[in-house]
Amino acid sequence: MQNLDAAFSAMADPTRRAILARLATGEATVMELAKPFEMTQPAVSRHLKVLEGAGLILRRVEGTKRPCRLAPAAISEIDRWLDVLRQALAGNYDRLDDVLATMEPRDGKAAG
Amino acid sequence: MNKLVLNTEGDRHIVATRHFRASPESVYRAHLEPDLIQKWMLGPDGWSMPVCVNDPRPGGRFRYEWTHAKHGGFHITGEFVELVPFRRIVHVERMHLPDPTPDNHVVTTFEKDGAGTLMALCMTLQDAASRAAMLATGMEHGMDDSYARLDALG
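Residues numbered from 1 in each chain as written. Chains lettered and ligands numbered in written order. Predicted model: local features only at pLDDT ≥ 70, side-chain atom pairs only at ≥ 80, totals over all residues. Heavy atoms only, no water.

Given two aromatic rings, their pairing is described by the distance between the two centres and the angle made by the two planes. Residues and elements named next belong to chain B. The full count for this structure, using the stated rule, is nine aromatic pairs over all chains. Ring geometry for Phe-62 and Phe-80: centres 5.1 Å apart, planes at 50 degrees, overall tilted. Residue Phe-62 is found in strand E4 (residues 61-68), and its partner Phe-80 is found in strand E5 (residues 72-84); the two are separated by 18 residues along the sequence. For Phe-80, a relative accessible area of 4% puts it in the buried group. Aromatic pair Tyr-64 and Trp-66: ring centres 6.4 Å apart, planes at 85 degrees, arrangement edge-to-face. Taken together, the aromatic side chains of Trp-47, Phe-62, Tyr-64, Trp-66, Phe-74 and Phe-80 make up a single cluster linked through ring pairs. (Phe/Tyr/Trp six-rings, centres within 6.5 Å; stacked < 30°, edge-to-face > 60°. Helix = DSSP H or I, 4+ residues; strand = E, 2+ residues; numbered from the N terminus. Buried < 20%, exposed > 50% of the residue type's maximum accessible area, 1.4 Å probe, protein only.)

Turning our eyes to something else, we now look at the pattern of salt bridges. Residue and element names in this part refer to chain A. Tallied over the full model, the rule gives 12 salt bridges over all chains. The salt bridge involving Arg-66 is made with Glu-52; its shortest N-O contact spans 3.7 Å. Highlighted residues: Arg-66 in the loop between strand E1 (57-59) and strand E2 (68-70) and Glu-52 in helix H4 (residues 41-53), separated in sequence by 14 residues. According to the relative accessible area criterion, Arg-66 is partly exposed, its value standing at 38%. We note a salt bridge from Glu-62 to Arg-60, for which the minimum N-O separation is 3.0 Å. Each of the salt bridges in this network shares a partner with another, and the network as a whole consists of Glu-27, Arg-60 and Glu-62. (Salt bridge = Lys/Arg side-chain N within 4 Å of Asp/Glu carboxyl O.)

Within a sheet, each strand pairs with its neighbour through backbone hydrogen bonds, oriented either parallel or antiparallel. All names here are of chain B. Strand order in the open sheet made by the eight strands is E1-E2-E8-E7-E6-E5-E4-E3, with antiparallel pairing throughout. In this open sheet, the two edge strands, each paired with only one partner strand, are strand E1 (5-9) and strand E3 (47-54). Strand after strand, the sheet turns through a mean of 20 degrees between neighbouring axes, direction not considered. One ladder, built from eight bridges, connects E4 with E5; its direction is antiparallel. Its bridge partner lying in E5, Tyr-64 is registered against Ile-76. Of the strands in this sheet, E1, strand E2 (13-20), strand E6 (88-96), strand E7 (104-113) and strand E8 (116-124) touch helix H3 (residues 128-137), which is tilted by about 55 degrees from E2. (Pairing = 2+ DSSP bridges. Axes fitted to C-alpha atoms, helices over the stretch in contact; angles between N-to-C directions. Contact = heavy atoms within 4.5 Å.)

This is the structure we're talking about:
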């Protein structure tokens, strides 16, 4: 990734993360992105500019439209979201170990 | 090792496995009994679960509410689909933030593994965008403070 700080700042905004989530299913135009987010096209365009500047999306020219798609850097960002879920669940299951220990006292015998 | 393994599979799934040093019966019960759930299903530091209501039978509903001193709160609602005592729980859930996220279909199985239990979790979302949205949503609730800190700087 060219500019990690720019990417992190770009990802800090929930609308921009939602736009990336939508683009995970495939290319979309500004008009297609504006609709589900109930935003004006200029507002969406501003978000897209930030994402493009951070190297998270790529745009191509097709007549008067400029469809967007995820850049490889964004795909690795989505992998980072998976790490966050992994950490949250790992914490849960470590606590569950303690709960289980109170349900099944092991009398010092090795188990598992 | 008791380490959690968690990965995406295909476009729509997230799968996880974890070994526990306890019987399938105990691990299963800890997933269904509110007084036990409230002790462990808490996520990142600082969160607690003041409300944990469930009706563990096919078609029965549940509602779990979390709260955090700084981040506020959110809740999950869901329905149980299938319950096979000590072996398998199937449910559907969504987060309310307050708008509901896409339904997450979750199958949890508990299998005897040596003296303990191997738990396997399979989440299925409607499509790749829903899965990405669900993962991104986790960021909203203090699961990753680094974004919030960078945002404050920017």
